[in-house]
Amino acid sequence: MPHRLTEANVLEVWEDGLGSNPAARSLLLASVAAPAGQSVADLPLSAVNSLLLEMRCGAFGDALPCTADCPACGDSLDVTVAVGELRPGEAGGGTGEGGAVPATGTLTAYGMTVTYRALTGRDVRDVDPTAPRARQALLRRCVVDVSPPADDLPDEVLEQVARRLPGLDPGADTVLTLNCPQCGHCWEAALDIADHLWTDVSGYAHRLLHEVHALARAYGWSEADVLSISPTRRHFYLEASTG
Ligand SMILES: [Zn+2]
């Protein structure tokens, strides 16, 4: 796959993403942004987010319109976020090049020494969030070693792992600081960059399909014919055919 979103691949990416759940879709989009041949599933979430933010900037620009409801007064807030400012500062990997390998940590509890790592896209994709004990299943995947060996870890140990994960991979969650102009309340809201990007990709694919439809109908061209024409020429023909 090419490592950016283009007219040539957007329809394919959109079609692939249609049948996917959000976690799989996030990895699909990140794989388009990744250097050719790089597998994204085992990257820490911060590195996946970096790829998504880079792709958003490159394909749709730096301004990301968002809406949020103020938790204090309920007022609806429209903000435009600069995507560049959302970039995770330090990627989650301590040992890999550019944060490509999830960082690890250790903790001691219940007489056990537990080694854990940051969450990857594969972890999130492969755990069904609606399954019973999905949270524990996700956390269990972060545990890479238990000494002395134990098959069952108490939930409390897993929760201790959970509390340490944000420190291990600070860019795993993209967070916005928002200020309510009505009541002055200040809060942090999570921003799902993959979800925003998917909305953009869907919009782009739909615009392109509408252009194919209009030109195919006006001139009898095939889809491949229309897509082989540069956007500038296509827009000329679109205007000419409706004018
Ligand atoms: Zn408010």
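Residues numbered from 1 in each chain as written. Predicted model: local features only at pLDDT ≥ 70, side-chain atom pairs only at ≥ 80, totals over all residues. Heavy atoms only, no water.

- The name given to the protein in an unreviewed UniProt entry is Phage baseplate protein, with the source organism recorded as Streptomyces atratus.

### As for the overall build of the protein
Inference 1: Per the secondary structure count, the protein includes 10 helices and seven strands.
Inference 2: Its C-alpha atoms give the protein principal-axis dimensions of about 75 × 50 × 35 Å.
Inference 3: When burial is assessed residue by residue, the protein has 42% of its 243 residues classed as buried.
Inference 4: Considering only residue pairs separated by 6 or more positions, the protein has 57% of its internal contacts joining residues 24 or more positions apart.
Inference 5: The distance from the centre of the 17 positive side-chain charges to the centre of the 32 negative ones in the protein is 3 Å. (Helix = DSSP H or I, 4+ residues; strand = E, 2+ residues; numbered from the N terminus. Buried < 20%, exposed > 50% of the residue type's maximum accessible area, 1.4 Å probe, protein only. Contact = heavy atoms within 4.5 Å. Lys, Arg positive; Asp, Glu negative; His and termini not counted. Charge placed at Lys NZ, Arg CZ, Asp CG, Glu CD.)

### Observations regarding helix α8 (residues 193–219)
Inference 1: The terminal C-alpha atoms of α8 lie 39 Å apart, and with 27 residues this matches the ideal 39 Å at 1.5 Å per residue to within 8%.
Inference 2: The N-terminus of α8 is capped by D192, whose side-chain oxygen sits 3.2 Å from the backbone nitrogen of A194. (Expected span 1.5 Å × (residues − 1). Polar contact = N/O pair within 3.5 Å; in protein donor to acceptor, adjacent residues only side chain to side chain.)

### Observations regarding the environment of P65
Inference 1: Among the secondary structure elements, P65 is positioned in strand β1 (residues 63–69).
Inference 2: The spacing of P65 and D78 is 13 residues in sequence and 7.2 Å in space, taken between C-alpha atoms.
Inference 3: Setting aside residues no more than four positions away along its own chain, P65 makes contact with R56, V79, T80 and H196.

### Some points on the packing of helix α6 (residues 134–142) against helix α7 (residues 155–168)
Inference 1: Where α6 contacts α7, the axes come no closer than 9 Å and their chain directions differ by 70 degrees. In terms of orientation, α6 and α7 fall into the roughly perpendicular class. Listed contacts from α7 to R135, Q136, L139, R140 and C142 of α6 are D155, L158, E159, V161, A162 and L165.
Inference 2: For the contact of α6 with α7, the class distribution of residues is six nonpolar, one polar and four charged. (Axes fitted to C-alpha atoms, helices over the stretch in contact; angles between N-to-C directions. Parallel < 35°, antiparallel > 145°, perpendicular 65-115°, else oblique. Nonpolar A, V, L, I, M, F, W, Y, C, P; charged D, E, K, R; others polar.)

### Details of the nonpolar core
As a rule of thumb, nonpolar side chains are buried together in soluble globular proteins.
Inference 1: With 43 residues, the main nonpolar core has L29, L52, L64, W187 and V201 as its most contacted residues.
Inference 2: With eight residues, the top contributor of residues to this core is α8. (Core = buried A, V, L, I, M, F, W, Y, C linked by side-chain atoms within 4.5 Å.)

### Quick word on the packing of helix α1 (residues 7–18) against α8
For any two helices packed against each other, one specifies the inter-axial angle together with the distance between the axes.
Inference 1: Two numbers describe how α1 lies on α8: the axes approach to 9 Å, and their chain directions differ by 120 degrees. Considering their axes alone, α1 and α8 lie oblique with respect to each other. Both α1 and α8 take part in a crossing whose hand is left-handed. Judged by residue contacts, E7, V10, L11, V13, W14, G17 and L18 of α1 engage W198, V201, S202, Y204, A205, H206, L208 and L209 from α8. (Left-handed = near helix turned anticlockwise from the far one by under 90°.)

### Some remarks on the domain arrangement of the protein
The accessible area lost on association of the parts is a frequent measure of interface size.
Inference 1: The domain boundaries assigned to the protein delineate domain 1 (7–88 + 189–242) and domain 2 (104–168).
Inference 2: Together, the buried faces of domain 1 and domain 2 total about 690 Å²; carbon and sulfur atoms form 64% of this surface.
Inference 3: On the surface where domain 1 and domain 2 come into contact, there are one salt bridge.
Inference 4: One salt bridge in this structure joins R122 and D42, with 2.7 Å as the shortest N-O distance.
Inference 5: Our count for the contact surface shared by domain 1 and domain 2 stands at five residue pairs in polar contact (both at pLDDT 80 or more).
Inference 6: Sort the elements by how many residues they give to the side of domain 1 that touches domain 2 and helix α2 (residues 22–33) lands first, with three residues. (Domains from an automatic or database assignment. Buried area = accessible area lost by both parts, 1.4 Å probe. Salt bridge = Lys/Arg side-chain N within 4 Å of Asp/Glu carboxyl O.)

### Section: the coordination of the zinc ion
Inference 1: The coordination sphere of the zinc ion, as far as protein atoms go, consists of C70 (SG), C73 (SG), C180 (SG) and C183 (SG), spread over 2.3 to 2.4 Å.
Inference 2: For the zinc ion, the four donor atoms in the first shell make angles of 106 to 111 degrees at the metal, so the coordination geometry reads as tetrahedral.
Inference 3: Between the donor residues of the zinc ion, the gaps in sequence give the motif C-x2-C-x106-C-x2-C. On the criterion of sequence distance, the pair formed by C73 in the loop between β1 and β2 (76–82) and C183 in the loop between β6 (175–179) and β7 (186–190) is long-range, its members being 110 residues apart.
Inference 4: What makes C183 partly exposed here is its relative accessible area of 39%. (Donors = N, O, S within 2.8 Å, 3.2 Å for Na, K, Ca; no water. Tetrahedral: all angles 85-135°; square planar, octahedral: opposite > 155°, others 65-115°.)

### Quick notes on α2
Given 3.6 residues per helical turn, the α-helix brings residues three or four places apart onto the same face.
Inference 1: With 12 residues, α2 should cover 16 Å at 1.5 Å per step; its first-to-last C-alpha distance of 17 Å lies within 8% of that length.
Inference 2: In terms of burial, α2 is largely enclosed, as nine of its 12 residues are buried.
Inference 3: Among all positions of α2, only A23, R25, S26, L27, L28, L29, A30, V32 and A33 are buried.
Inference 4: Buried residues along α2 sit against α1, α3 (45–60), α5 (121–126) and α8.

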